[in-house]
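# An overview of the molecular structure
Each chain, letter by letter, is given below.
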Amino acid sequence: MKKKLFAFVFAIILCFSSGICAYADDYLFEEISPLLDGAMLLTDSEKNEVNNSLAKLSEENGMDFAVVTVLADELGSTDITVYADVLYKNYYHNRDVDGTVILVYSHGGEGEREICIVRYGKAEDEFTDGKTSDIVDAVKSEIISGDYAQAFSVFVKESDKVLNPKISWIVLPICLAIGFVIAFIIMKAIASANKSVRNKVNAAEYVRSESLNVVDGSEIYLYSQTRAIPKASSSNSSSRTSGGGRATRSGKF
Amino acid sequence: MSTLTEQKCPCCGGAIEFDVSSQNLKCPYCDTEFDIAAMKQAEEAASAAAADDSVSWNPQTAQWQENEADNINVYVCNSCGGEIIADHATGATSCPYCGNQVVIKGQFSGELRPDLVIPFKLDKKAAKEALKNHIKSKKFVPKAFTDDNRLEEIKGVYVPHWLFSGDAVANINFKGTRTRRWADSKNNYVQTSYYGIFRSGSLEFNNIPVDGSTKMPDDLMESIEPFDPDQAVDFHTAYLAGYLADKYDVDVDACYPRANERVKSSTSDAFRGTVQGYESVVVDNMSMNIANGSYKYALYPVWLLKSKWNGKEYTFAMNGQTGKMAGDIPTDNKAVLKASGLVGAAIGAVMFGIYCLATLL
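Anyway, here's the lowdown on the structure attached to this text. Computed from a prediction, not measured in an experiment: that's the story for all the values here.

Parameters at a glance
Residues numbered from 1 in each chain as written. Chains lettered and ligands numbered in written order. Predicted model: local features only at pLDDT ≥ 70, side-chain atom pairs only at ≥ 80, totals over all residues. Heavy atoms only, no water. Pairing = 2+ DSSP bridges. Helix = DSSP H or I, 4+ residues; strand = E, 2+ residues; numbered from the N terminus. Axes fitted to C-alpha atoms, helices over the stretch in contact; angles between N-to-C directions. Contact = heavy atoms within 4.5 Å. Buried < 20%, exposed > 50% of the residue type's maximum accessible area, 1.4 Å probe, protein only. Patch = residues over 30% accessible without salt bridge, like charges linked within 9 Å, V, L, I, M, F, W, Y side chains within 5 Å. Areas by Shrake-Rupley, 256 points an atom, 1.4 Å probe, with all protein chains shown as cover. Salt bridge = Lys/Arg side-chain N within 4 Å of Asp/Glu carboxyl O. Parallel < 35°, antiparallel > 145°, perpendicular 65-115°, else oblique. Nonpolar A, V, L, I, M, F, W, Y, C, P; charged D, E, K, R; others polar. Expected span 1.5 Å × (residues − 1). Buried area = accessible area lost by both parts, 1.4 Å probe. Polar contact = N/O pair within 3.5 Å; in protein donor to acceptor, adjacent residues only side chain to side chain. Lys, Arg positive; Asp, Glu negative; His and termini not counted. Charge placed at Lys NZ, Arg CZ, Asp CG, Glu CD. Phe/Tyr/Trp six-rings, centres within 6.5 Å; stacked < 30°, edge-to-face > 60°. Core = buried A, V, L, I, M, F, W, Y, C linked by side-chain atoms within 4.5 Å.

### Structural notes on the sheet that holds strand 4 (residues 114–121) of chain A
Residue and element names in this part refer to chain A. With mixed pairing, 6 strands are arranged side by side in an open sheet as 1-2-3-4-7-6. A strand with exactly one partner marks an edge of an open sheet, and here the two such strands are strand 1 (35–37) and strand 6 (237–240). This sheet shows a mean twist of 15 degrees between the axes of neighbouring strands, independent of strand direction. Sheet topology places strand 1 next to strand 2 (residues 64–71); 3 bridges connect them, and they run parallel. The residue bridging aspartate 37 from the neighbouring strand is threonine 69, located in strand 2. Against the sheet, helix 7 (residues 148–163) engages strand 2, strand 3 (99–107) and strand 4, with an angle of about 150 degrees to strand 2.

### A short note on the pairing of strand 6 (residues 83–87) of chain B
Of the two faces of strand 6 of chain B, the one holding Ile84 and Ala86 of chain B is buried and the one holding Glu83, Ile85 and Asp87 of chain B is not buried anywhere. Connecting the antiparallel pair strand 5 (residues 72–76) of chain B and strand 6 of chain B is a turn made up of 6 residues, with glycine 81 of chain B showing a positive phi of about 80 degrees.

### Topic: the environment of glutamate 83 of chain B
Its location among the elements puts glutamate 83 of chain B in strand 6. C-alpha of glutamate 83 of chain B to C-alpha of proline 96 of chain B: the two residues are 13 residues apart in sequence and 8.3 Å apart in space.

### Comments concerning a nonpolar patch on the surface
A contiguous nonpolar patch, built from Ile170, Ile174, Ile178, Ile182, Ile186 and Ile190 of chain A and spanning about 490 Å² of accessible area, is present on the exposed surface. Secondary-structure assignment places isoleucine 170 of chain A in the loop between helix 7 and helix 8 (171–191).

### Overview of the packing of helix 2 (residues 44–61) of chain A against helix 7 of chain A
Residues and elements named next belong to chain A. The contact between helix 2 and helix 7 brings their axes to 10 Å, and the two run at 10 degrees. It follows from the interaxial angle that helix 2 and helix 7 lie roughly parallel. Residues Glu46, Val50, Ser53, Leu54, Leu57 and Asn61 of helix 2 touch helix 7, and the partners they reach there are Ala149, Phe152, Phe155, Val156, Ser159, Asp160 and Leu163. A breakdown of the residues in the contact of helix 2 with helix 7 according to their chemical character gives 8 nonpolar, 3 polar and 2 charged.

### Things to note about helix 4 (residues 80–92) of chain A
All names here are of chain A. Counted at 1.5 Å a residue, the expected span for helix 4 with its 13 residues is 18 Å, and the 17 Å between its end C-alpha atoms agrees. Across the 13 residues of helix 4, 11 count as buried, placing the element largely inside the fold. Along helix 4, the residues classified as buried are Ile80, Thr81, Tyr83, Ala84, Asp85, Val86, Leu87, Tyr88, Asn90, Tyr91 and Tyr92. In the stretch just after helix 4, asparagine 94 is the one whose phi turns positive, near 65 degrees.

### Observations regarding the interface of chain A and chain B
Counting from both sides, the interface comprises 57 residues of chain A and, opposite them, 78 residues of chain B. Interface of chain A and chain B: buried area, both sides summed, is about 5800 Å²; carbon and sulfur atoms make up 58% of it. Per-residue buried area on chain A facing chain B is highest for Asn194, Val197 and Tyr206 of chain A; these three make up 13% of the total on that side. Counting the contacts that link chain A with chain B gives 2 salt bridges. Counting only elements with at least two residues in the side of chain A that touches chain B, the list comes to helix 8 and strand 5 (213–230) of chain A. Considering every element that reaches the side of chain A that touches chain B, the biggest residue donor is strand 5 of chain A, with 18 residues. Class assignment for the residues of the side of chain A that touches chain B results in 32 nonpolar, 13 polar and 12 charged. Examined bridge by bridge, strand 5 of chain A and strand 11 (residues 187–211) of chain B share 16 bridges and lie antiparallel to one another. Opposite isoleucine 229 of chain A, over in strand 11 of chain B, you have asparagine 188 of chain B as the bridge partner.

### Regarding the side chain of histidine 107 of chain A
Within the element layout of this structure, histidine 107 of chain A appears in strand 3. When residues no more than four places from it in sequence are discounted, the contact partners of histidine 107 of chain A are Ala39, Leu41, Val70, Leu71, Ala72, Arg113 and Tyr148 of chain A.

### Here's the deal with the side chain of glutamate 114 of chain A
Residues and elements named next belong to chain A. In this structure, glutamate 114 sits in strand 4. Taking the relative accessible area as the measure of exposure, glutamate 114 reaches 6% and is therefore buried. Within the structure, the side chain of glutamate 114 is placed 2.9 Å from the side chain of arginine 249, a separation counted as a polar contact. When near neighbours in sequence (up to four residues on either side) are disregarded, glutamate 114 contacts Ile80, Val104, Tyr105, Ser106, Arg249, Ser250, Gly251, Lys252 and Phe253.

### Topic: a negative patch on the surface
Negative charge collects at one region of the surface, where Asp96, Asp98, Asp125 and Glu126 of chain A lie side by side. In this fold, aspartate 96 of chain A is placed in the loop between helix 4 and strand 3.

### As for the packing of aromatic side chains
The final tally for this structure, using the stated rule, is 24 aromatic pairs over all chains. Pairing tyrosine 88 of chain A with tyrosine 120 of chain A gives two aromatic rings, centres 3.7 Å apart and planes at 5 degrees, and the pair type is stacked. Residue tyrosine 88 of chain A is found in helix 4, and its partner tyrosine 120 of chain A is found in strand 4; the two are separated by 32 residues along the sequence. We note that tyrosine 88 of chain A, like tyrosine 120 of chain A, is buried. Seen in terms of ring centroids, phenylalanine 120 of chain B and tyrosine 158 of chain B are 5.0 Å apart; in terms of plane orientation they differ by 75 degrees. Their pairing is edge-to-face. Taken together, the residues span a long stretch of sequence, with phenylalanine 120 of chain B in the loop between strand 9 (116–117) and helix 2 (124–136) and tyrosine 158 of chain B in strand 10 (residues 151–183) at a distance of 38 residues.

### Some details on the nonpolar core
All names here are of chain B. By size, the foremost hydrophobic cluster in this structure holds 47 residues, and its most contacted members are Leu25, Tyr158 and Leu240. Elements with a contribution of two residues or more to this core: helix 1 (36–49), helix 2, strand 10, helix 4 (252–272), strand 14 (280–309) and strand 15 (312–319). It is strand 14 that contributes the most residues to this core, 5 residues altogether. When near neighbours in sequence (up to four residues on either side) are disregarded, leucine 240 contacts Ala92, Val103, Phe108, Tyr158, Phe235, Ala245 and Leu299.

### Side note on unusual backbone geometry
Residue and element names in this part refer to chain B. Cis geometry marks the peptide bond from glutamate 225 to proline 226; its omega dihedral reads 10 degrees. Assignment of secondary structure puts proline 226 in the loop between helix 3 (218–223) and strand 12 (233–234). A positive phi is found at glutamine 23, a non-glycine position, where the angle reads about 60 degrees. In this fold, glutamine 23 is placed in the loop between strand 2 (17–19) and strand 3 (24–26).

### With respect to the sheet that holds strand 4 (residues 33–34) of chain B
Residues and elements named next belong to chain B. Strand order in the open sheet formed by 3 strands is 2-3-4, with antiparallel pairing between adjacent strands. On the outer flanks of this sheet lie strand 2 and strand 4, each paired with one strand and no other. Pairing geometry for strand 3 and strand 4, over 2 bridges, is antiparallel. Considered in strand 4, the bridge of lysine 26 is made with glutamate 33.

If you want it as structure tokens, here you go:
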């Protein structure tokens, strides 16, 4: 029932976004919650938690953050970025914020799932393709393990890290320790020059020059061995959406 | 017992020494110089006209235990009559009483006569200076060690060496590899091809020195190589004047293996250099024999310097021909740790700075 309701609401949104209303570009619907769980993946308490964390993230950073889940069947042939564009156009466009970040997750069986994070406005500068790709990968690994609440929590945490990078001071003693080990190896190598007594390995200084006489030589092919090393590649890709946002998507998984 | 010989100045009768700078014999008392060849002729004339040698032998009065006296010889200094005790290998030494330089004649005559000698080209002063520079050039040397006063002994010694020459005839099998890389959309591929490589031929070696004295550490003598045998001259006891010398106490047969080892290594390297176009080449197996092999017995000049620090003795050797110095120097471990701490802190700070920049940007 809830799925049918969502599909109906979304169809209405699509109709309006198709340009039927002349003032669609400037008209904002009433505000919606940051989390739109169309695929019904979360419990009520999980929804509250994610909603609160998204709202807090938005308020602290002056940007809008949203998470949308949709069933792959419902999506059909429609591109996942269209969802994001529609939401942005109708709920986040022209708001008094620095930018908007929308995560859309299309839920389905294995090989049908997809994650897409679309950035609008100034959020494109903060959330570069590389950083967004990292967030997509982090969310993807939680979704693969089946913990959707954790996946969206990771989205919030990683987004916060991008906007508010924190220096971990525990790295300082680690850097100093590594530095000491490197320096010690170098100093020991320098000190090893103090030992100058060693046997000669060969008699190179006593070879009569140009006395090498090669009378016979041959080179024969024996055999070959071939190794195949699988490429470690990220299937993430980034592109501009039709709605003016910058999208990074995981590809189907 | 053998007789002793001394090089006496025909002008004033003082003990003459071999002078490094002029490469002649020089009397330190009247400054007269004598050409080696001229001294030879004078000696031959003197021995033809001389009456019997004045040789005096002291009977041994002490009671030696079995084998205790086997390696000890006692001589009498012709200048002061003092007893000089030397081991069986000593060829030239100095009287402990009057400092007179003496050569034990029998040690370098007949079959024991060296074929060649490289005279000293550098004097004691140069040896001291070289040691100073050798220590100065090293890092993390304890400050107390650099004190000059700790130099306990410095002596010029002719060290007996066996010189080996010959042709190394070798057959060597190598294993070589070549690598090809390519990729498609899914994988990177690495193909390693193995080849068997054969080389046969010869390589000539001249005058590979092997230390013929048990008193001299082999690694110390090899560390101050090379000597230039082209500057060697025919042996004469006159060159030993003013210096210590030992005859060999390691037979040529015992020195062959060391020479063979070095020849084998150089032969393998030389033939390895003819194998081109492979990413890696290793020796699979090798057979070698020596053709036209010969050996000579030579005395090479070495300055030995001994220093004591922290209850431990440190021996340095300088090539008396080229000036090359070798000798292990102690390391101040506290200084190493202190430097590691300072440099490590700088490296750590740079790494942390890079981490901060990467995080914030």
